[in-house]
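# Notes for the structure review
As a plain string of letters, each chain reads:
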Amino acid sequence: MFKLNEDYLKLPGSYLFSNIAKKVSAYQAEHPEKEIIRLGIGDVTQPLCPAVIDALHKAVDEMASAETFHGYAPDLGYEFLRSAMAQNDFQARGCDIAADEIFISDGAKSDSANIQEIFDKNCKIAVCDPVYPVYVDSNVMAGRTGEYNFDTEVWSNVIYMPCTAENGFAPELPAEIPDLIYLCFPNNPTGATISKEKLQEWVDYANKVGAVIIYDAAYEAYISDSDVPHSVFECEGARTCAIELRSFSKNAGFTGTRLGATVIPHDLKVKTNTYDGYKDVEVHSLWARRHGTKYNGAPYIIQKAGEAVYSAEGQKQIKEQVAYYMKNASYILEGLKEAGYTVSGGKNAPYIWLRTPDNMTSWEFFDYLLDKAGVVGTPGSGFGPSGEHYFRLTAFGSYENTVKAVDRIKAL
Ligand SMILES: *Cc1c(COP(=O)(O)O)cnc(C)c1O
């Protein structure tokens, strides 16, 4: 008789977004006259910029004739996109990353979920709390996290690094030594950033203890402060301890178009038993093998659209989009401050993280905000135990709706 992968069954239900949807539709059914504004979504709302749309149209036309048709893409990505990324995202910032260290993919969600499979099953992971749920859940599915405690909502074999107001929502080096460290800055959900100096401490630590940092840079385009690093590879020594995840979703609106990349330097290697002896093996070679076996490459049309992001017009246009969202972010941040809320984030990230008033739980505040202001946000407790008593608002709505929502909150 077949058996299921029981590690999947260990996952507690992910009720966060379905609970939100249920509560909102029940509320709307009861109050059909009320206009509800959603500031809970983590999806962008602005259309793809003209430079990207032009590139998409051109690439589609190329697919219509045999001379310019493209079939299977190279597993690891087209050279034109890998080079554009290497130059613009890394070399232009002084990071020593070559095109062949960049693996093009269909997005950072898949890469952040899949990257764990090239590491040993006994590797211990460390994650921030609160956290983007994919890092933990993908390790649960792989049988790496031990048992779940439904009361404390933590896994027995995961190192949690609380990110709280006390430490400025930046994790501290863990007491127990991890093998894989997931970091995401600017952060989802807290909107917090890490200084280059602090990130350097993590890189030094990882090199010292022999851990790998998996650095999710999905929100790097939102950075405006000059001392906040855009890439982990701005730190000295990162080539021997870090992997970076990149996404076109939040900087260029590719959430529905799908494009991302993973960067693995050749210098990231570890002594391993192989059929020809005990020797240094590059992590790069395993990810290349994995891509070759399980993935047939991101579509040509989409990679051409990604290339257009790096054109002069593309850069100008996506910067305008980011500025549009960041104008929303400032409006939320300033408005909530005026209303007396304790808020953070919103400066180098499209997320505003607020402390619930009167010690309400995250869900109590969700209900309160929906009922009294018709505004939907995301309960912080859905991202981990340290998110309790916090709430996330996003800057991805329209400016008009953002203003309306904030003004309603201020009027409470
Ligand atoms: C949105 C997001 C991503 C991007 O995922 P894609 O699959 O590229 O759309 C990655 N990491 C975090 C933390 C995110 O919030």
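Given the structure is predicted, the values throughout are model-derived calculations rather than measurements. (Residues numbered from 1 in each chain as written. Predicted model: local features only at pLDDT ≥ 70, side-chain atom pairs only at ≥ 80, totals over all residues. Heavy atoms only, no water.)

Further remarks concern the nonpolar core. Core analysis: the largest hydrophobic core is formed by 95 residues, its most contacted members being Leu183 and Phe254. The dominant element in this core, judged by the number of residues it contributes, is helix H11 (residues 312-338), at 8 residues. Here this core spans two domains, since at least three of its residues come from each of domain 1 (13-47 + 313-411) and domain 2 (53-311). Filtering out sequence-adjacent residues up to four positions away, Phe254 remains in contact with Leu48, Val52, Phe248, Ser249, Leu259, Ile302, Ala305, Gly306 and Val309. Counting 24 residues, the second-largest nonpolar core is a separate cluster that includes Ile118, Leu180, Cys184 and Trp287. (Core = buried A, V, L, I, M, F, W, Y, C linked by side-chain atoms within 4.5 Å. Buried < 20%, exposed > 50% of the residue type's maximum accessible area, 1.4 Å probe, protein only. Helix = DSSP H or I, 4+ residues; strand = E, 2+ residues; numbered from the N terminus. Domains from an automatic or database assignment. Contact = heavy atoms within 4.5 Å.)

This paragraph deals with the pattern of salt bridges. In total, this model carries 22 salt bridges according to the counting rule given. Glu117 is paired through a salt bridge with Lys294; the nearest N and O atoms lie 2.9 Å apart. With a gap of 177 residues between them, Glu117 in the loop between helix H5 (108-114) and strand S3 (125-129) and Lys294 in helix H9 (residues 283-294) connect regions that are remote in the sequence. Among the ionic contacts, a cluster of salt bridges with common partners joins Asp89, Glu220, Glu244 and Arg246. (Salt bridge = Lys/Arg side-chain N within 4 Å of Asp/Glu carboxyl O.)

This part covers the domain arrangement of the protein chain. Assigned domains within the protein chain: domain 1 (13-47 + 313-411) and domain 2 (53-311). Taking only C-alpha atoms, the centre of domain 1 and the centre of domain 2 are 27 Å apart. Each side of the interface is counted separately: domain 1 has 28 residues, and domain 2 has 34 residues. In this assembly, domain 1 packs against domain 2 so that about 2,400 Å² is buried in total across both faces, 56% of it on carbon and sulfur atoms. At the junction of domain 1 and domain 2, the tally comes to 0 salt bridges. Remark: the boundary between domain 1 and domain 2 carries 12 residue pairs in polar contact (both at pLDDT 80 or more). Looking at the side of domain 1 that touches domain 2 element by element, the count peaks at 8 residues for H11. (Buried area = accessible area lost by both parts, 1.4 Å probe. Polar contact = N/O pair within 3.5 Å; in protein donor to acceptor, adjacent residues only side chain to side chain.)

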